[in-house]
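Structure assessment
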Amino acid sequence: MPYSEPFLREAIRLSNEKMEAGEGGPFAAVIVKDGEIISKGWNCVTSANDPTAHGEVEAIRKACAKLGTYSLAGCEIYSSCEPCPMCLAAIYWARLDALYFAGSMADAAEAGFDDRFLYEELSKDWNARTLTSKQALQNEAQKVFKAWIANPGKTEY
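Definitions and cut-offs
Residues numbered from 1 in each chain as written. Predicted model: local features only at pLDDT ≥ 70, side-chain atom pairs only at ≥ 80, totals over all residues. Heavy atoms only, no water. Salt bridge = Lys/Arg side-chain N within 4 Å of Asp/Glu carboxyl O. Helix = DSSP H or I, 4+ residues; strand = E, 2+ residues; numbered from the N terminus. Buried < 20%, exposed > 50% of the residue type's maximum accessible area, 1.4 Å probe, protein only. Expected span 1.5 Å × (residues − 1). Arc of directions from axis to C-beta. Contact = heavy atoms within 4.5 Å. Pairing = 2+ DSSP bridges. Axes fitted to C-alpha atoms, helices over the stretch in contact; angles between N-to-C directions. Polar contact = N/O pair within 3.5 Å; in protein donor to acceptor, adjacent residues only side chain to side chain. Phe/Tyr/Trp six-rings, centres within 6.5 Å; stacked < 30°, edge-to-face > 60°.

Looking at the pattern of salt bridges
Across all of its chains, the model carries nine salt bridges by this definition. One salt bridge connects glutamate 5 with arginine 9, and the closest N-O pair in it is separated by 3.0 Å. Residue glutamate 5 and its partner arginine 9 are located together in helix 1 (residues 5-20), separated by four residues, close to a single helical turn. For glutamate 5, a relative accessible area of 40% puts it in the partly exposed group. Across the salt bridge formed by arginine 13 and glutamate 10, the nearest N and O atoms sit 2.8 Å from each other. Of this pair, arginine 13 and glutamate 10 both sit in helix 1, three residues apart, roughly one helical turn. One connected set of salt bridges, linked through shared partners, spans Glu10, Arg13, Glu17, Lys18, Glu23 and Lys40.

Okay, structure coming up:
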């Protein structure tokens, strides 16, 4: 389905409403399927004490629960702002067909939500990031992956 301005306006409206209600930052998203909003999500980071409770992630969780699936193929997401790295990854994982957003990464940074550090960190090898990381027990983990590969009853995703 092509871009539809009313859905993006709803994401922006919702971001303002929930921000003013003190539920979290000024971000929200709606997920659309067949021309209808099937879920809405807004930033609940501070009200839920959950750093992953971003608007896009919340909308994805609700849409998947409503549809009873982990794949949102056939749906689009409208976000009040360009998604952060976590939300963008979740959008890809959910297999949404399209992303439409209003505010830019620069707009968010100006308001105090600067994700440049995260984008830079994610582009580095794991052992060059600022987060102390150590790989261990790789052989044991590989056994689990081999068992997954051999499992005839697995649900691939």
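This is not the end of the story, as more comes after the structure.
Re helix 1
In this model helix 1 runs 23 Å from its N-terminal to its C-terminal C-alpha over 16 residues, within 8% of the 22 Å that 1.5 Å per residue would give. Along helix 1, the positions that sit buried rather than exposed are Phe7, Leu8, Glu10, Ala11, Leu14, Ser15 and Lys18. Looking down the long axis of helix 1, one finds its buried residues gathered within 150 degrees of arc, a one-sided arrangement. Residues of helix 1 that are exposed and point more than 90 degrees away from the buried face comprise Pro6, Arg9 and Glu20. Buried residues belonging to helix 1 abut strand 1 (28-33), strand 2 (36-42), strand 3 (75-81) and strand 4 (98-103). Just past helix 1, the residue glycine 22 takes up positive phi, approximately 80 degrees.

Regarding the sheet that holds strand 4
Spatially, four strands are ordered 2-1-3-4 in an open sheet, and the strand pairing comes out mixed. Single-partner strands in this sheet number two, and they are strand 2 and strand 4. Between one strand axis and the next, the sheet turns by 20 degrees as a mean value, whatever way the strands run. Judged from the five bridges that link them, strand 3 and strand 4 form a sheet pairing that is parallel. Each bridged residue has a counterpart across the sheet, and for serine 79 the counterpart in strand 4 is phenylalanine 101.

Notes on the side chain of serine 79
On the secondary structure map, serine 79 appears in strand 3. Separated by 2.7 Å, the side chain of serine 79 and the backbone oxygen of cysteine 81 make a polar contact.

Some remarks on the pairing of strand 2
The sheet contact formed by strand 1 and strand 2 spans six bridges and is antiparallel. Its bridge partner being in strand 2, isoleucine 31 is matched across the sheet by serine 39.

Details of the packing of aromatic side chains
Applying the stated rule across the entire model yields six aromatic pairs. Taken together, a centroid distance of 6.0 Å and an interplanar angle of 70 degrees make the contact between tyrosine 70 and tyrosine 157 edge-to-face. Placement of the pair is tyrosine 70 in the loop between helix 3 (55-67) and strand 3 and tyrosine 157 in the segment after helix 7 (138-150), with a sequence separation of 87 residues. Of the residues examined, tyrosine 70 reaches a relative accessible area of 42% and is grouped as partly exposed. Through pairs of rings, three or more aromatic residues link up here, namely Tyr3, Phe7, Tyr78 and Tyr100.

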